[in-house]
Amino acid sequence: MIKPRYFRNIIITPRHQEIYKRLGYRHGVTGILRKQKYLIERYIQEAGPLLAICAGFQRLVIVKKNKTSIVLSGGVRFRSRLLVRLLRDCDEMVCMAATAGKGIVEAIQKEQKKDFVRAVIFDAVASVAVDACLDWLQNYIAQGLQRQGKQLLGKRISCGYSDFSLSNQKIIYRMLKLKRCGITMTKQYMLIPEKSVTAITGIITAKI
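What you are looking at is a predicted structure, and each value in this text was computed from that prediction instead of being measured.

Engineer: Lay out helix α2 (residues 34–47) in plain terms, naming residues and giving numbers.
Structural biologist: Turn by turn, an α-helix covers 3.6 residues, leaving residues three or four places apart pointing in a common direction. Its 14 residues give α2 an end-to-end C-alpha distance of 20 Å, which sits within 8% of 20 Å, the value for a rise of 1.5 Å per residue. All of the buried residues in α2 are I40, Y43, I44 and A47. The buried residues of α2 occupy an angular sector of 105° when the element is viewed end-on, so they sit on one face. What points out from α2, more than 90 degrees from its buried face, is the exposed set R34, K35, Y38 and Q45. Elements that come into contact with the buried residues of α2 comprise α1 (16–22), α4 (102–114) and α5 (116–146).

Here you go:
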C-alpha cells in the first residue's frame, strides 16, 4: 500500500465564473448592477488570503469486487453499488481530501453576524477553492500515471452521495490521516473545518 502524500499551501485561484455560479448568477440570465459586481469582486479578493489549502491522496489496490462492495489491500471495505459501478474497470482507486483551512471558516462565521453578503461570498470562494483543489490533485496524479501507462477516471464521488454513505468518511479520514491537514471529524462523520471534502476516483490501464 502506497503511503498518503500531502500538499500544503497550494496556490489555488478560484475561477470567478464558478464563484458567481455558486452565488446564483447565470450569464445572460441574471442581471447584476455595476455597484454589486464591484462589491462582489472586492470580497472575492479579500477572501483569497484567508485560504490555507491543504490536500492529500492515497493510491490503493482493489483486491476484490462484487455487486455491492469493494475490498482494498489491507482488508478495507467500501459498500456502495454506485462506487462499484464507478470502479468497475479499475484495479486501483485513489482516496483524496482537501480543506480550505480554518481561517476562511472562522471569517465566514464572524461575517455572518456583521456583513451577511460578505459571509456568503467568502463561503462561495471557499467551496469553489476546495473543488478546484481536488481538480488540481487529479491533474497531478494523472500526470504521474501517464508514465506508467495508466489513466485516472475523470469522475469522482464523495461520501454522502447516493448510496455511498457518509459513514465511509471515517474510513477515508483514518487512511489519509487527515489530522495532518488540521482536519477533525464529528461523531456524525462531518469534517471540521467545514470547508473540507473527501472523494474517491479510480485508475485504469490506458488503452493503446
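Engineer: Explain the pattern of salt bridges to me, and be specific about the residues and the numbers.
Structural biologist: Enumeration according to the criterion identifies 11 salt bridges in this entry. Among the salt bridges present, the one from K37 reaches E41, with a minimum N-O distance of 3.9 Å. Pair noted here: K37 and E41 are both in helix α2, with a separation of four residues, about one helical turn. Note that R118 and E46 form a salt bridge whose closest N and O atoms lie 3.0 Å from each other. Pair noted here: R118 is in helix α5 and E46 is in helix α2, with a separation of 72 residues, a long-range link. Salt bridges sharing partners connect three or more residues here, namely R42, E46, E111, D115 and R118.

The rules behind each value
Residues numbered from 1 in each chain as written. Predicted model: local features only at pLDDT ≥ 70, side-chain atom pairs only at ≥ 80, totals over all residues. Heavy atoms only, no water. Helix = DSSP H or I, 4+ residues; strand = E, 2+ residues; numbered from the N terminus. Expected span 1.5 Å × (residues − 1). Buried < 20%, exposed > 50% of the residue type's maximum accessible area, 1.4 Å probe, protein only. Arc of directions from axis to C-beta. Contact = heavy atoms within 4.5 Å. Salt bridge = Lys/Arg side-chain N within 4 Å of Asp/Glu carboxyl O.

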